[in-house]
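Examining the three-dimensional arrangement
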Amino acid sequence: MKGRDFKVAAGPFSAELLQRFKVVKPDEVVVFDEKLDGRPARLIVANRRDGLRIMVLYDDGGVLHLEP
Amino acid sequence: MGDILRDRASGSSEYDKLVLSILEERPTGATSLQKIGLTVLSVLEGRVPTSFHAHHFGGFDDDLAESVDALRSEGYVELVNGKTYRLTPAGRRLVEEYLTDDESTRLKHISGDLLPRMRHLSDDEIVSVVYSLFPELAERSLIRNRIDTGPKRVKNVEVLEVPHPA
């Protein structure tokens, strides 16, 4: 249960990667070049007052998730 | 023609370069151009630009809009079907051959890095994910009640929220 809660709170990000997000100071926006579950992606990390907002742009050309 | 383009390039503002670098990557509607501009400038400056304010549809910069109008009146940008901006041949030549200063190069690098990864998203979908990345810009929007600023996944783009790392 505890592990699942952490997964939800951390999204697809490892604990190590979350620690690296610490370089993003309040109100800053920083781009990271990472692999999430083996998939290359650009991460735009914005440090907001209430937490980190992170836009994940997966590199793979294919459409991964088609919304209904 | 070359001298005209060279002069135009040397007289281009940061916003001119921003607009041209974005449109080099994809034709774009007016609202999504503002949101992409906000994203690219945020990455360039390392923070949300203070020039973007919550106005009408949120996250709007008057200078960016004025650049679009000026570039259009000069024939470097055209409006297609009344809603999508794209480069004219002269505009493409301007950005590819003459915008070679450091600022233009950085803007083109950021646009070229991020925008191809958004190529599956429609203009409306781009607006939606940028609202999620910068939710405060929707607060004073006229359509704020219809804007979902929460985390979301649209095709190959996700916006997530996580707590500050301990």
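Just so it is clear, the model here is predicted, and its values are computed rather than measured. (Residues numbered from 1 in each chain as written. Chains lettered and ligands numbered in written order. Predicted model: local features only at pLDDT ≥ 70, side-chain atom pairs only at ≥ 80, totals over all residues. Heavy atoms only, no water.)

Right, let's get into the overall build of chain B. Across its full length, chain B holds 7 helices and 5 strands. Reading chain B from its N end, one meets helices and strands in the order α-α-β-α-α-β-β-α-α-α-β-β. Against the compact-globule benchmark of 15 Å for 166 residues, chain B has a radius of gyration of 16 Å, which places it among compact chains. Judged by the C-alpha coordinates and their principal axes, chain B covers about 55 × 35 × 30 Å. Classification of the 166 residues of chain B by burial places 54% in the buried group. Considering only contacts in chain B between residues 6 or more positions apart, those separated by 24 or more positions represent 65%. For chain B, the computed accessible surface area is about 7600 Å², with 47% contributed by carbon and sulfur atoms. (Helix = DSSP H or I, 4+ residues; strand = E, 2+ residues; numbered from the N terminus. Rg over C-alpha atoms; globule rule 2.2 N^0.38 Å. Buried < 20%, exposed > 50% of the residue type's maximum accessible area, 1.4 Å probe, protein only. Contact = heavy atoms within 4.5 Å. Areas by Shrake-Rupley, 256 points an atom, 1.4 Å probe, with all protein chains shown as cover.)

Right, let's talk about the packing of helix H3 (residues 30–45) of chain B against helix H6 (residues 102–114) of chain B for a bit. Residue and element names in this part refer to chain B. Where H3 contacts H6, the axes come no closer than 10 Å and their chain directions differ by 120 degrees. Considered as vectors, H3 and H6 are oriented oblique to each other. In this structure, H3 meets H6 at a crossing whose hand is right-handed. Judged by residue contacts, Val40, Val43 and Leu44 of H3 engage Arg106, Leu107, Ile110, Ser111 and Leu114 from H6. Looking at the contact of H3 with H6 residue by residue, the class counts come to 6 nonpolar, 1 polar and 1 charged. (Axes fitted to C-alpha atoms, helices over the stretch in contact; angles between N-to-C directions. Parallel < 35°, antiparallel > 145°, perpendicular 65-115°, else oblique. Left-handed = near helix turned anticlockwise from the far one by under 90°. Nonpolar A, V, L, I, M, F, W, Y, C, P; charged D, E, K, R; others polar.)

So, about the confidence of the model for chain A. All names here are of chain A. Across chain A, the average pLDDT comes to 78, with 74% of residues at or above 70. Every residue in residues 1–8 scores below 50 in pLDDT, and together they form 2 contacts with partners more than four places removed in sequence or on other chains. Confidence drops under pLDDT 50 across residues 63–68; counting only partners more than four residues distant or on other chains, this segment forms 14 contacts. (pLDDT = per-residue confidence, 0-100.)

Looking now at a negative patch on the surface. Taken together, B:Asp62, B:Asp63, B:Glu66 and B:Asp69 make up a surface patch of like negative charges. Residue B:Asp69 is classed as partly exposed on the basis of its relative accessible area, which comes to 47%. (Patch = residues over 30% accessible without salt bridge, like charges linked within 9 Å, V, L, I, M, F, W, Y side chains within 5 Å. Salt bridge = Lys/Arg side-chain N within 4 Å of Asp/Glu carboxyl O. Lys, Arg positive; Asp, Glu negative; His and termini not counted. Charge placed at Lys NZ, Arg CZ, Asp CG, Glu CD.)

Attention now moves to the pattern of salt bridges. Throughout the structure, instances matching the rule amount to 17 salt bridges over all chains. Between A:Arg20 and A:Glu34 there is a salt bridge; the shortest N-O distance is 2.7 Å. You can see A:Arg20 sitting in helix H2 (residues 15–20) and its partner A:Glu34 sitting in strand E1 (residues 29–36), a full 14 residues away along the chain. When the shortest N-O distance is used, the salt bridge between A:Arg42 and B:Asp113 registers 2.7 Å. Of the two residues, A:Arg42 is situated in strand E2 (residues 39–48) and B:Asp113 in helix H6; the pairing between them involves two chains. Salt bridges sharing common partners tie together A:Asp33, A:Arg42, A:Asp59, B:Asp113 and B:Arg117.

Right, let's talk about the packing of aromatic side chains for a bit. All names here are of chain A. Applying the stated rule across the entire model yields 2 aromatic pairs over all chains. Between the aromatic rings of Phe13 and Phe21, the centroid separation amounts to 5.5 Å while the plane-to-plane angle is 80 degrees, which identifies the pairing as edge-to-face. Since its relative accessible area comes to 3%, Phe13 is described here as buried. Owing to a relative accessible area of 1%, Phe21 belongs among the buried residues under this scheme. Ring centres of Phe21 and Phe32 lie 5.1 Å apart, and the angle between their planes is 75 degrees; this geometry places the pair in the edge-to-face category. One end of the pair, Phe21, is in the loop between H2 and E1; the other, Phe32, is in strand E1, with 11 residues separating them in the sequence. Here the aromatic residues Phe13, Phe21 and Phe32 are joined through ring pairs into a cluster of three or more. Its end group placed over the ring of Tyr58, Arg39 keeps NZ or CZ at 3.8 Å from the ring centre. (Phe/Tyr/Trp six-rings, centres within 6.5 Å; stacked < 30°, edge-to-face > 60°. Lys NZ or Arg CZ within 6 Å of the ring centre and 35° of its normal.)

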